[in-house]
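Spelled out, the chains give:
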Amino acid sequence: MSIRVVVADDQELVRSGFSMILEAQQDIEVVAEAGDGIEAVAAVRRHTPDVLLLDIRMPHMDGLEAARLVCAESGCKVVMLTTFDLDEYVYEALYAGASGFLLKDVRRDDLVHAVRVVAAGDSLLAPSVTRRLVADMIRRRRAEAAPEPAPARLAALTAREEETLRLLARGLSNAEIATTLFVSEHTVKTHVSNVLSKLGLRDRVQAVICAYETGLVTPGSP
């Protein structure tokens, strides 16, 4: 079954370029393109894609508001597109439910890989820039309000699930977590699924945010 994708960007050359790269893959189908946030939301409602590549800065409705609507209304995974690796809107986009972000100068292979990873239920957490964004975002949030005590929010997790969350927040892949905990990747997937379910989280990005907010992991910790 093909991965269904909507590409939303107000620059036609960028939009068509990404679409051509993705359409060249046997397992990916671009079902629609959109030139602004309103069109992007409408396209998701109409075509029910698996992944939405969404530019942050667009006319009529920006990518942030579009991400909020799409994530609230559907199970479509949102990947934000930005020109700047420290674009301030990325912080809010992650809170809105986006599964990660890509720079617009992303390499062809990395774009294809990102779509497959997100469609499979993972998130774009491996790049150090994403972890830096999450850590900095939490610093900003903590400056505004005290975080919820970890015991209260994480009480539903088993010790192994809590350790899985800690390693996930450090940016480790399922394979790396499995090696660290001396368990199978299947077991790790089960732990991750349990963490998301028990904490009411959409995906791994929100799990990382939760780990930082509760103090389970702190910015700069190994």
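On a predicted model such as this, the values are computed, not experimentally measured, just so you know. (Residues numbered from 1 in each chain as written. Predicted model: local features only at pLDDT ≥ 70, side-chain atom pairs only at ≥ 80, totals over all residues. Heavy atoms only, no water.)

1. Here's the deal with the environment of Asp55
Tracing the sequence through the fold places Asp55 in strand β3 (residues 51–55). Residue class for Asp55 comes out buried when judged on its relative accessible area of 4%. Taking the C-alpha atoms as reference points, Asp55 and Arg15, 40 residues apart in sequence, are found 9.4 Å from one another. In this view, Asp55 contacts Ala8, Asp9, Asp10, Gly63, Met80, Leu81 and Lys104; residues no more than four positions away in its chain are not counted. In terms of polar contacts, Asp55 uses its side chain to reach the side chain of Lys104, at 3.2 Å. (Helix = DSSP H or I, 4+ residues; strand = E, 2+ residues; numbered from the N terminus. Buried < 20%, exposed > 50% of the residue type's maximum accessible area, 1.4 Å probe, protein only. Contact = heavy atoms within 4.5 Å. Polar contact = N/O pair within 3.5 Å; in protein donor to acceptor, adjacent residues only side chain to side chain.)

2. Thoughts on helix α8 (residues 159–169)
Since the α-helix turns once every 3.6 residues, residues separated by three or four places project in the same direction. Those residues of α8 lying buried are Glu161, Thr164, Leu165, Leu167, Leu168 and Ala169. Count one or two residues on from α8 and you reach Gly171, which has phi positive near 95°.

3. What about the pattern of salt bridges?
Pairing between side chains of opposite charge can happen when the charged atoms of each approach one another. A full pass over the atoms with the stated rule returns ten salt bridges. Here Glu65 makes a salt bridge to Arg68, at a shortest N to O gap of 3.1 Å. Highlighted residues: Glu65 and Arg68, both in helix α3 (residues 63–73), separated by three residues, approximately one helical turn. We classify Glu65 as partly exposed; its relative accessible area is 31%. A salt bridge links Lys198 to Glu161; the nearest nitrogen and oxygen atoms lie 2.8 Å apart. Of this pair, Lys198 sits in helix α10 (residues 185–199) while Glu161 sits in helix α8, placing them 37 residues apart in sequence. On the basis of relative accessibility, which here comes to 39%, the residue Lys198 falls in the partly exposed class. (Salt bridge = Lys/Arg side-chain N within 4 Å of Asp/Glu carboxyl O.)

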